[in-house]
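What follows is the residue order along each chain.
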Amino acid sequence: MNALPTHPQAVHTTCPYCGVGCGILAAADPAGGVTISGDPAHPANFGRLCSKGSALAETLALDQRLLHPMMRRADGSLARVDWETALDAVASGLRTIIDRDGPGAVAFYLSGQLLTEDYYVANKLMKGFLGSADVDTNSRLCMASAVAGHRRAFGADTVPGVYRDIDEADLIVLVGSNAAWCHPVLYKRMMTAKAERGTKLVVVDPRRTATAENADLSLSIAPGMDTALFCGLLAHLADRRALDFAYIDRHTTGFVEALARAREIAVDVATTARATLLDKRDVARFFDLFRDTERVVTCFSQGVNQSAQGTDKVNAIINVHLATGRIGRPGMGPFSLTGQPNAMGGREVGGLANQLAAHMGFSLAEIDCVRRFWKAPRMAQREGRKAVDMFEAIERGSIKALWVMATNPAVTLPRANAMRAALRNLELFVISENTLSNDSVAAGAQVLLPAAAWGEKDGTVTNSERRISRQRAFLPPPGDAQPDWWIVSEVARRLGFADAFAYRGPADIFREHAALSTFENNGQRDFDIGALAALSDRAYDALDAVTWPARKGEPARETRFFAAGNFYTSDGRGRFVTPERPRPRLATSKEFPLRLNTGRVRDQWHTMTRTGLSPRLGSHSPEPFVEIHPDDAGAAKLVEGGFAKVTTPFGSAALKVSLHGGQQRGSIFAPIHWSDATAANARVGDLVAPANDPFSGQPESKATPARVEPIVFAYRGFALTRRPIRLPPETWHARVAVARGSGVLFATNEPPDVWQAITQRLLPADAELAEYTDASRGLTRMAALCGGRLEGVIFVGPAAAAQQWDVVRLLFESESLAERDRRILLSGRNGNGVAETGALVCACFGVGLAAIRDAIITGRAVSVADIGKTLRAGTNCGSCVPELRGIVERFARAG
Ligand code: SF4
């Protein structure tokens with residue numbers, strides 16, 4: 001249970017981050033504060049929240065908000081305009097380009113952050129009224145391979161199981177998923193199953209992540225070899241006569257071919273071990289565990305999806321579940337863990353370019369069905385371009401107008417720098433956003449439309465288990481901000497489609513979406529929420545979280561799919577898929593001997609436009625880094641805490657070095673979160689290969705050939721100021737949220753005397769300056785005080801002894817400085833002589849390394865449980881528990 005108090009007037013809403021879809025209670029008080037706690041009644045989380053969800057109240061400030069419509073002037077600057085002007089410009093720009101070049105010259109790029117109602121309206125406008133299917137979404141980068149795998153095997157994008165299966169499984173296999181960090185509340189549920197029913201956990205991942213710390217078996221597989229592992233498993237189960245032939249015969253086709261292909265790829269334990277570079281005994285143990293356990297759930301996530309062979313990996317997993325009949329029954333089945341809060345809702349409405357709407361595709365019958373329902377004048381006739389293809393069409397100049405909603409493609413796409421440059425080619429570039437600190441805004445957007453943000457907008461989202469939950473407003477939209485559905489509908493009205501977009505609110509849209517899902521369905525499509533098509537406004541407002549299908553006339557219940565077949569294929573049978581032999585699309589070479597794997601850190605989300613505002617979340621991993629095995633680091637002359645230039649055939653980035661024994665040799669890892677708004681030269685998307693999966697169009701984000709080399713900085717330092725400061729060019733830096741101001745950690749080759757001059761310009765002119773300089777040690781430290789309050793601090797010193805900012809940061813964040821702290825401020829210590837609180841470990845309760853270390857060394861804690869009792873660390877979401885275990889071991893040994 002989350003420890004925060006529940007406000008009596010709390011609004012029931014849903015977290016805007018990951019696909020777990022946790023229910024939240026949010027209460028705004030008259031003084032402007034907001035209290036956030038987990039919703040005990042929500043079936044996705046039963047009151048739990050992770051560090052990101054718990055810190056939502058810290059992300060609601062308006063400092064960086066886009067509050068008014070803006071348009072770019074001829075000189076490149078942005079000017080505030082009214083809604084009429086901005087909407088007219090968008091509509092007339094789209095009309096001009098479509099009339100001249102046809103509908104194929106315009107595109108929408110949407111987001112798994114949009115609500116279903118927003119998504120529905122944008123998709124309808126493009127596919128039914130503008131006549132193009134060039135509407136895709138950032139979900140393409142996240143789970144498109146899962147969608148393609150589902151459609152190949154099941155005939156529909158159906159997640160067969162529900163979260164309850166995780167509670168009821170005896171074996172959970174996590175493939176390509178660092179759930180402890182990326183789906184923490186669901187991971188906690190796995191840990192509960194482990195503690196209460198003895199569920200075994202197997203983790204398959206090239207990196208040994210926090211998730212693996214609690215595993216019964218951790219398989220550090222060779223990058224990209226998941227298909228070989230699951231083909232080997234299928235062959236092994238067949239040899240041991242551990243398949244469900246009754247299920248195979250009655251409900252599926254393609255088994256013989258799939259088994260033959262599996263045997264070609266990995267015929268037994270030994271060949272599987274060779275292909276995957278795993279220990280033979282570990283492979284055998286996994287195979288036996290799988291064979292002997294009926295209730296198995298195989299959860300997979302981005303490590304599987306983000307691959308040029310991602311769809312085959314998904315199908316190799318599904319093949320094993322079909323062959324054992326372990327699907328759609330309690331405690332078993334393949335389970336796609338969705339990255340974003342509403343990727344699933346986007347899939348429902350057809351937000352992907354290769355889906356039409358309501359889980360219908362582009363057959364003539366389906367196009368006609370949707371056309372009649374929408375009374376659409378100009379239906380798209382074929383699939384549109386998927387994200388990477390869409391942006392390459394912009395690069396070539398064949399797409400001339402782009403409308404981006406709630407996402408940041410200038411950071412996240414493969415070859416991000418080239419894509420950012422391509423955006424400048426656009427004749428019309430529109431962004432609906434709620435923040436100005438977005439690299440895509442800076443990439444030359446001509447019309448900026450202020451969208452309502454989480455807490456201000458109303459609608460629905462669908463999580464990984466097909467559960468539709470309401471997001472409800474508890475704050476008024478600031479400035480001129482409006483919901484996305486309203487913005488799109490206003491443009492549609494200006495384009496002459498007023499009747500089809502005459503929505504009074506999200507309830508109108510939801511009813512239409514639900515009605516389309518059941519229109520001429522007759523059980524032929526999995527997605528059917530006809531029971532919700534006639535909800536009154538009041539019933540929509542009060543809607544409890546509900547899983548689909550929710551068919552009219554059927555009792556509301558959690559449904560599992562395919563235990564008795566009934567697939568959504570032409571003959572009702574599930575399909576075994578014969579995967580291609582796994583091999584990396586791009587080979588390593590002498591020039592690029594490593595493989596770059598990308599992913600997420602525990603306390604940040606996407607490009608940090610929201611989580612980057614929380615001081616608590618900024619404390620865990622404040623700087624962009626590259627994780628590397630100590631042997632590879634040694635060979636490249638990289639040291640812990642130093643800096644590396646990471647180069648791929650597509651771009652380069654400068655990242656801090658983190659040595660990690662859990663990183664495979666030959667493979668490096670870098671997180672995706674930092675942008676030009678938050679760091680210097682750390683946009684990892686720019687390094688990624690645009691090598692796409694042939695079925696899903698999802699890019700290979702996990703295995704780009706790369707090399708590393710040291711970057712040497714002579715000095716490192718930090719600045720804490722009340723307003724963000726601009727640093728000299730060539731200064732490597734990372735911006736970090738701090739309370740009541742702005743923090744920046746930097747590395748530089750400018751000597752301290754240059755910094756003295758720079759510092760005097762950066763700190764307030766009317767402040768009382770305190771200064772400490774030690775030329776022999778290369779140190780300069782300056783602080784500016786106004787009326788007893790610290791207005792700014794800059795510390796610069798030799799890179800070999802990085803300046804600790806923990807204590808100075810706490811002093812900066814306090815309202816005023818005690819005399820004792822003021823006197824010794826430039827020593828970097830507080831009044832108690834403490835210089836270092838250490839990195840934040842538990843973000844939920846703000847517990848740092850130093851406090852934990854102290855508890856262990858003084859004997860107050862000898863276990864993770866003791867730390868929980870003494871300091872509360874690890875007792876909320878639990879995502880820091882693996883880290884706590886490592887700290888206990890380290891300091892207990894040292895003691
Ligand atoms: S696990 Fe965390 S980020 Fe994901 S929905 Fe729950 S609170 Fe939000």
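Note that this is a predicted model, so its numbers are computed, not measured. (Residues numbered from 1 in each chain as written. Predicted model: local features only at pLDDT ≥ 70, side-chain atom pairs only at ≥ 80, totals over all residues. Heavy atoms only, no water.)

Peer 1: Lay out the overall build of the chain in plain terms, naming residues and giving numbers.
Peer 2: Per the secondary structure count, the chain includes 30 helices and 34 strands. In summary, the chain has a C-alpha radius of gyration of 27 Å against a globular reference of 29 Å for 895 residues, a match within 12%. In terms of its C-alpha atoms, the chain occupies a principal-axis envelope of roughly 80 × 70 × 60 Å. Across the 895 residues of the chain, 64% fall into the buried class. Taking the intrachain contacts of the chain between residues at least 6 apart in sequence as the baseline, contacts between residues at least 24 apart amount to 71%. Just so you have it, the chain exposes about 31200 Å², and 50% of that area is on carbon and sulfur atoms. For the chain, the separation between the mean place of its 103 positive charges and that of its 95 negative charges on side chains is 2 Å. (Helix = DSSP H or I, 4+ residues; strand = E, 2+ residues; numbered from the N terminus. Rg over C-alpha atoms; globule rule 2.2 N^0.38 Å. Buried < 20%, exposed > 50% of the residue type's maximum accessible area, 1.4 Å probe, protein only. Contact = heavy atoms within 4.5 Å. Areas by Shrake-Rupley, 256 points an atom, 1.4 Å probe, with all protein chains shown as cover. Lys, Arg positive; Asp, Glu negative; His and termini not counted. Charge placed at Lys NZ, Arg CZ, Asp CG, Glu CD.)

Peer 1: Outline the pairing of strand 14 (residues 401-405), listing residues and values.
Peer 2: With five of five residues buried, strand 14 lies mostly within the body of the structure. Side-chain alternation along strand 14 places A401, W403 and M405 on one buried face and L402 and V404 on a second face that is also buried. With four bridges joining them, strand 6 (residues 106-110) and strand 14 adopt parallel strand pairing. The residue of strand 14 that forms the bridge with Y109 is V404. (Pairing = 2+ DSSP bridges.)

Peer 1: Pulling in residues and values, what's your account of helix 2 (residues 83-101)?
Peer 2: Three- or four-residue spacings in an α-helix give side chains the same orientation, since the helix completes a turn every 3.6 residues. Helix length check: helix 2 (19 residues) gives 27 Å between terminal C-alpha atoms against 27 Å at 1.5 Å per residue, within 8%. Just beyond helix 2, the residue with positive phi is G102, at close to 90°. (Expected span 1.5 Å × (residues − 1).)

Peer 1: Any details on the sheet that holds strand 4 (residues 70-72)? Residues and values, ideally.
Peer 2: Reading across the sheet, the seven strands line up as 5-4-16-15-14-6-7 and stay open at both edges, with mixed pairing between neighbours. Every interior strand has two partners, whereas the edge strands, strand 5 (78-80) and strand 7 (135-137), have only one. Each neighbouring strand pair of the sheet contributes to a mean axis angle of 20°, computed without reference to strand direction. Strand contacts of helix 2: strand 4, strand 6, strand 14, strand 15 (428-433) and strand 16 (447-450), with the helix running at about 130° to strand 16, the strand carrying the most contacts. Against the sheet, helix 3 (residues 116-130) makes contact with strand 6, strand 7 and strand 14, and its axis sits at roughly 160° relative to strand 6, the strand it touches most. (Axes fitted to C-alpha atoms, helices over the stretch in contact; angles between N-to-C directions.)

Peer 1: I'd like a rundown of the pattern of salt bridges, residues and numbers included.
Peer 2: Per the counting criterion, the structure on display carries 58 salt bridges. Here the salt bridges do not stand alone but share partners, grouping E84, D88, E490, R493 and R494 into one network. (Salt bridge = Lys/Arg side-chain N within 4 Å of Asp/Glu carboxyl O.)

Peer 1: Got a sec to walk through the nonpolar core? Specific residues and values, please.
Peer 2: Counting residues in hydrophobic clusters, the biggest one holds 132 residues, and the most contacted among them are F108, L125, V173, F230, F286, W374 and W403. Other than its neighbours up to four places away in sequence, F286 contacts V173, V202, L217, L219, L229, F230 and L233. Grouped together as the second largest cluster of nonpolar side chains are 61 residues, Y17, V185, C299 and V841 included. (Core = buried A, V, L, I, M, F, W, Y, C linked by side-chain atoms within 4.5 Å.)

Peer 1: With reference to specific residues and values, describe the site of the ligand.
Peer 2: Around the ligand, the structure places C15, Y17, C18, V20, G21, C22, L49, C50, K52, G53, P184 and V185. Elements that contribute at least two residues to the shell around the ligand include exactly helix 1 (51-54) and helix 7 (184-197). Here the residues of the shell around the ligand are counted per class, giving nine nonpolar, two polar and one charged. (Near = heavy atom within 4 Å. Nonpolar A, V, L, I, M, F, W, Y, C, P; charged D, E, K, R; others polar.)

Peer 1: Summarise the packing of aromatic side chains; cite the residues concerned and give the values.
Peer 2: Here a ring pair, both rings aromatic, is described through the centre-centre distance and the interplanar angle of the planes. Evaluation of the coordinates by the stated rule reveals 30 aromatic pairs. Ring centres of F108 and W403 lie 5.3 Å apart, and the angle between their planes is 75°; on these two criteria the pair is classed as edge-to-face. You can see F108 sitting in strand 6 and its partner W403 sitting in strand 14, a full 295 residues away along the chain. A ring pair is formed by F527 and W548, whose centres lie 5.1 Å apart and whose planes are at 85°; its orientation type is edge-to-face. Residue F527 is found in the loop between helix 22 (506-518) and helix 23 (537-541), and its partner W548 is found in the loop between strand 19 (546-547) and strand 20 (574-575); the two are separated by 21 residues along the sequence. (Phe/Tyr/Trp six-rings, centres within 6.5 Å; stacked < 30°, edge-to-face > 60°.)

Peer 1: Can you break down the environment of D165 residue by residue, with the values?
Peer 2: Relative to the elements of secondary structure, D165 occurs in helix 5 (residues 164-168). Sequence separation between D165 and D244 is 79 residues, and the spatial gap between their C-alpha atoms is 20 Å. The residues touching D165, leaving out its near neighbours within four places in the chain, are V297, R329, P330, G331, M332 and R560.

Peer 1: How would you sum up the side chain of H629? Please name residues and give values.
Peer 2: Tracing the chain through its elements places H629 in the loop between strand 22 (625-628) and helix 24 (630-635). By relative accessible area, H629 is classed as buried at 15%. Apart from the residues within four sequence positions on either side, H629 is in contact with H660, G661, Q663, Q664 and R665.

Peer 1: Tell me about the pairing of strand 31 (residues 779-786), and name the residues and values.
Peer 2: In terms of burial, strand 31 is a largely internal element, seven of the eight residues being buried. For strand 30 (residues 768-774) and strand 31, the ladder comprises seven bridges, and the chain directions are antiparallel. Along strand 31, the bridge assignment pairs E768 with L785. In textbook terms, the turn of a hairpin is the stretch between consecutive antiparallel strands, and for strand 30 and strand 31 this stretch comprises four residues, one of which, G778, has a positive phi near 70°. Examined bridge by bridge, strand 31 and strand 32 (residues 789-798) share seven bridges and lie antiparallel to one another. Residue pairing across strands places M782 opposite I794, the latter belonging to strand 32. As consecutive antiparallel partners, strand 31 and strand 32 are separated by two residues, and within that stretch G787 has a phi angle of approximately 55°, a positive value.

Peer 1: Account for the environment of N45, with residues named and values stated.
Peer 2: When you line up the elements, N45 lands in the loop between strand 3 (34-38) and helix 1. Taking the relative accessible area as the measure of exposure, N45 reaches 1% and is therefore buried. Taking the C-alpha atoms as reference, N45 lies 6.5 Å from V185; in sequence the two are 140 residues apart. Once residues within four sequence positions are removed from consideration, N45 is found in contact with C22, G23, G38, D39 and V185.

Peer 1: Break down the side chain of T272 for me, with residues and values.
Peer 2: Tracing the backbone through its elements, the reader meets T272 in helix 11 (residues 269-276). Of the polar contacts made by the side chain of T272, one reaches the backbone oxygen of D268; its length is 2.7 Å. Leave out the neighbours within four places in its chain, and T272 touches A228, L229, G232, A266, V283 and F287. (Polar contact = N/O pair within 3.5 Å; in protein donor to acceptor, adjacent residues only side chain to side chain.)

Peer 1: If you had to explain the sheet that holds strand 2 (residues 23-28) to someone new, which residues and values would you point to?
Peer 2: Think of a sheet as strands paired side by side through backbone hydrogen bonds, with each pair either parallel or antiparallel. Strand order in the open sheet formed by three strands is 1-2-3, with antiparallel pairing between adjacent strands. Of all strands in the sheet, those with a lone pairing partner are strand 1 (11-14) and strand 3, marking the two edges. For this sheet, the mean angle separating the axes of adjacent strands, direction not counted, is 35°. The sheet contact formed by strand 2 and strand 3 spans five bridges and is antiparallel. Residue pairing for strand 3: A27 is matched across the bridge by T35.

Peer 1: Please set out the packing of helix 3 against helix 22 residue by residue, giving values where relevant.
Peer 2: Remark: helix 3 packs on helix 22, axes separated minimally by 9 Å, with the N-to-C direction vectors making an angle of 65°. On the basis of the axis angle, helix 3 is roughly perpendicular to helix 22. Considering only the axes of helix 3 and helix 22, their crossing is left-handed. Facing T116, E117, Y120, V121 and K124 of helix 3, the residues of helix 22 in contact are P506, I509, F510, E512, H513 and L516. Its residues assigned to classes, the contact of helix 3 with helix 22 shows six nonpolar, two polar and three charged. (Parallel < 35°, antiparallel > 145°, perpendicular 65-115°, else oblique. Left-handed = near helix turned anticlockwise from the far one by under 90°.)

Keep in mind these numbers describe shape, not what the thing actually does.
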